[in-house]
Amino acid sequence: MLTQCAPETVQAHPVVELVLALGSNYQADKYLPLARQRLAALGEVRLSTAFQNPDFTATLEQPKPDYTNQCVHLALTTPVSLQLLQQTFRTLESDCHRCRQTKPNQVRRVTMDIDILMIKMADKKNSLSKNLISEPVSNWIIMADRYPFKAHEEAGVRELTVSTD
Ligand SMILES: Nc1ncnc2c1ncn2[C@@H]1O[C@H](COP(=O)(O)OP(=O)(O)OP(=O)(O)O)[C@@H](O)[C@H]1O
Ligand SMILES: Nc1nc2c(c(=O)[nH]1)N=C(CO)CN2
């Protein structure tokens, strides 16, 4: 059973844990380690197995370079809003020299793509406010815009959550 949450509730509330999907189809050997290093500065990182797999948008008519994908479980040192996290990851993509413009019919070189797959919110019981309802919010919230997960994301999420939940 999945619970729906209004985006504005999720956007502002502090996130404590998250699972990310990293993808690179250009110089992955350079940019995956760089992204992992930067993410490690935000908290405790656990990694799923990285593997190279075909671009799921490639066709016979338009072949595309393979992606290297890896999922990351990040337990943040300091809780951060989803809004700020999205900005932070967009900056990290830019720091990996991600170029967003492409000419028509040009195959995109994606040095680093960072997608948030799942988040865990801070437990409201820890709040100083007496007015907040005390409820356990330890469950993962899946990002609706990433669901259903791609095969490589599903594999990574399983690897990272199987032992902890
Ligand atoms: N689950 C999510 N994970 C990451 N970013 C998200 C998510 N949902 C919405 N966003 C927003 O989408 C933007 C990501 O834009 P970006 O240019 O990276 O997309 P894209 O890489 O072209 O899409 P895709 O990752 O589907 O190929 C961010 O600025 C962020 O605010
Ligand atoms: N295998 C694979 N294919 C993709 C991926 C990806 O991360 N992995 N990302 C895309 C656009 O973000 C398009 N295609």
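Read on for a plain summary of the structure. What you see is a predicted model; the values in this text were computed from it and never measured.

1. A short note on the packing of helix α2 (residues 28–40) against helix α3 (residues 82–95)
Consideration 1: Interhelical geometry of α2 versus α3 gives an angle of 145° and a closest axis separation of 10 Å. The interaxial crossing formed by α2 with α3 has right-handed handedness. The residues of α3 that touch α2, namely those facing Leu34, Ala35, Arg38 and Leu39, are Phe89, Leu92 and Asp95.
Consideration 2: Tallied by class, the residues present in the contact of α2 with α3 amount to five nonpolar, no polar and two charged.

2. Structural notes on the nonpolar core
Consideration 1: Among the nonpolar cores identified, the biggest contains 26 residues, and Leu18 and Ile119 are the most heavily contacted of them.
Consideration 2: Listing elements by their share of this core, those giving two or more residues are β1 (14–24), α2, β4 (67–81), α3 and β5 (113–121).
Consideration 3: The leading source of residues in this core is α2, at five residues.
Consideration 4: Other than its neighbours up to four places away in sequence, Ile119 contacts Val10, Val15, Glu17, Leu18, Leu82, Asn139, Trp140, Ile141 and Met143.

3. Details of the pattern of salt bridges
Opposite charge on two side chains permits them to pair, given that their charged atoms come into close proximity.
Consideration 1: In total, this model carries six salt bridges according to the counting rule given.
Consideration 2: The partner of Arg146 in a salt bridge is Asp115, and the shortest N-O contact between them spans 3.4 Å. Highlighted residues: Arg146 in the loop between β6 (141–142) and α4 (151–161) and Asp115 in strand β5, separated in sequence by 31 residues.
Consideration 3: Judged by its relative accessible area of 12%, Asp115 falls in the buried class.
Consideration 4: Taken together, the shared-partner salt bridges in this structure form one network comprising Glu93, Arg98, Arg100 and Asp113.

4. Observations regarding the site of ligand 1
Consideration 1: Taken together, the neighbourhood of ligand 1 is formed by 13 residues, with Arg98, Arg100, Asp113, Ile116 and Asp145 sitting nearest.
Consideration 2: Here an oxygen atom of ligand 1 sits 3.0 Å away from a polar atom, N or O, in the side chain of Asp113.
Consideration 3: At 2.8 Å from a nitrogen atom of ligand 1 is found a main-chain nitrogen or oxygen belonging to Ile116.
Consideration 4: If ligand 1 stood free it would expose 640 Å²; the protein chains cover 67% of that surface.
Consideration 5: The set of elements that each furnish at least two residues to the shell around ligand 1 consists of α3 and β5.
Consideration 6: If you tally residues by element for the shell around ligand 1, the top one is β5, at four residues.
Consideration 7: Looking at the shell around ligand 1, its residues break down into three nonpolar, one polar and nine charged.

About the thresholds
Residues numbered from 1 in each chain as written. Chains lettered and ligands numbered in written order. Predicted model: local features only at pLDDT ≥ 70, side-chain atom pairs only at ≥ 80, totals over all residues. Heavy atoms only, no water. Axes fitted to C-alpha atoms, helices over the stretch in contact; angles between N-to-C directions. Helix = DSSP H or I, 4+ residues; strand = E, 2+ residues; numbered from the N terminus. Left-handed = near helix turned anticlockwise from the far one by under 90°. Contact = heavy atoms within 4.5 Å. Nonpolar A, V, L, I, M, F, W, Y, C, P; charged D, E, K, R; others polar. Core = buried A, V, L, I, M, F, W, Y, C linked by side-chain atoms within 4.5 Å. Buried < 20%, exposed > 50% of the residue type's maximum accessible area, 1.4 Å probe, protein only. Salt bridge = Lys/Arg side-chain N within 4 Å of Asp/Glu carboxyl O. Near = heavy atom within 4 Å. Polar contact = N/O pair within 3.5 Å; in protein donor to acceptor, adjacent residues only side chain to side chain. Areas by Shrake-Rupley, 256 points an atom, 1.4 Å probe, with all protein chains shown as cover.

Everything listed is a geometric property; what it means functionally is a separate question.
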